[in-house]
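Coordinates in review
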Amino acid sequence: MTDDASDASEPVDADGPDDDEVVRTAAEAAEGIVFKHYDQSTVTDLDITVTFEDGVLDVDVYLNAPEDADPDREAVAQEAVETAGEAVDELFAE
């Protein structure tokens, strides 16, 4: 299961978060959503890739959980991507 999304963000200013902080914030937020919905033992594979270049955030979530998992894997992956973008937006709003 993969889900990609790109969120254009404001350009980074000298007082804003650095790229590493943006990537870390997005990755932690996405991972938090996955494990909010599934026990860690249920997830057989999880890969969260985050890049932040030239003010553009790209988040890719690969989630492998049982097909009959509730909620749906695709919905959880999409929520993880959206939440990562929201977390970065909040980071810049601080």
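Residues numbered from 1 in each chain as written. Predicted model: local features only at pLDDT ≥ 70, side-chain atom pairs only at ≥ 80, totals over all residues. Heavy atoms only, no water.

As recorded in an unreviewed UniProt entry, the protein goes by the name DUF3194 domain-containing protein, listed as coming from Halorubrum tebenquichense DSM 14210. Looking at the Sequence similarities (unreviewed entry) heading of the UniProt record, one finds this comment for the protein: "Belongs to the UPF0440 family." (UniProt positions renumbered as here; feature names shortened; annotations may be inferred.)

**With respect to the nonpolar core**
Grouped together as the largest cluster of nonpolar side chains are 22 residues, with contacts concentrated most on V34, Y38, L57, V59, V61 and L63. Mapped by element, the contributors of at least two residues to this core are α1 (19–37), β2 (45–53), β3 (56–64) and α2 (73–93). Broken down by element, this core gets its largest block of residues, seven residues, from α2. (Core = buried A, V, L, I, M, F, W, Y, C linked by side-chain atoms within 4.5 Å. Buried < 20%, exposed > 50% of the residue type's maximum accessible area, 1.4 Å probe, protein only. Helix = DSSP H or I, 4+ residues; strand = E, 2+ residues; numbered from the N terminus.)

**A word on the packing of aromatic side chains**
Scanning all chains against the criterion turns up one aromatic pair. With 6.0 Å between their ring centres and 40 degrees between their planes, F52 and F92 make a pair best called tilted. With F52 in strand β2 and F92 in helix α2, the pair connects residues that are 40 residues apart, well separated along the chain. (Phe/Tyr/Trp six-rings, centres within 6.5 Å; stacked < 30°, edge-to-face > 60°.)

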